[in-house]
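What follows is the residue order along each chain.
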Amino acid sequence: MSLRLKGTNAYGHLGWFEVSCSICNRTLKLGIDVVFKCPKCEKKYRAFFCEADKRGLKGKCPYCNTELVPAV
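These notes cover the structure that comes with them. (Residues numbered from 1 in each chain as written. Predicted model: local features only at pLDDT ≥ 70, side-chain atom pairs only at ≥ 80, totals over all residues. Heavy atoms only, no water.)

Here the focus is the overall build of the protein. A tally of regular secondary structure across the protein gives two helices and five strands. Walking the protein from its N terminus toward its C terminus, one meets helices and strands in the order β-β-β-α-β-α-β. The contacts in the protein between residues at least 6 apart in sequence include a share of 39% that link residues at least 24 apart. Of the roughly 5600 Å² of accessible surface on the protein, 54% is carried by carbon and sulfur atoms. (Helix = DSSP H or I, 4+ residues; strand = E, 2+ residues; numbered from the N terminus. Contact = heavy atoms within 4.5 Å. Areas by Shrake-Rupley, 256 points an atom, 1.4 Å probe, with all protein chains shown as cover.)

Tallied over the entire structure, the rule returns three salt bridges. The salt bridge partner of K29 is E18, with a shortest N-O separation of 4.0 Å. Separated by 11 residues along the polypeptide, K29 in strand β2 (residues 27-29) and E18 in strand β1 (residues 18-20) bring together distant segments of the chain. Exposure remark for K29: the relative accessible area of 26% places this residue in the partly exposed category. You can call E18 partly exposed: its relative accessible area is 32%. (Salt bridge = Lys/Arg side-chain N within 4 Å of Asp/Glu carboxyl O. Buried < 20%, exposed > 50% of the residue type's maximum accessible area, 1.4 Å probe, protein only.)

Where two aromatic rings form a pair, the distance of their centres and the angle of their planes describe that pair. Counting across every chain of the model gives one aromatic pair. A cation sits over an aromatic face here: K54 above F36, 4.9 Å from the ring centre. (Phe/Tyr/Trp six-rings, centres within 6.5 Å; stacked < 30°, edge-to-face > 60°. Lys NZ or Arg CZ within 6 Å of the ring centre and 35° of its normal.)

Within the secondary structure layout, Y45 lies in helix α1 (residues 42-45). The sequence separation of Y45 and Y63 amounts to 18 residues, and the corresponding C-alpha distance is 8.8 Å.

The following block contains the structure:
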């Protein structure tokens, strides 16, 4: 008999791979959608951005003015 995780704790659950855009609050899936992050503000503000907002920000983080990098 093996134990299987159920619900949000399951390994295949998309909650482990979903983030929200900091500006438009669009749900982004890591590995599927193009997601950008700020290396400095990622942990403090959960600074993830969609491709459209990255263009609007001209590639700079609105919190610390650091260059945005793709989230892998």
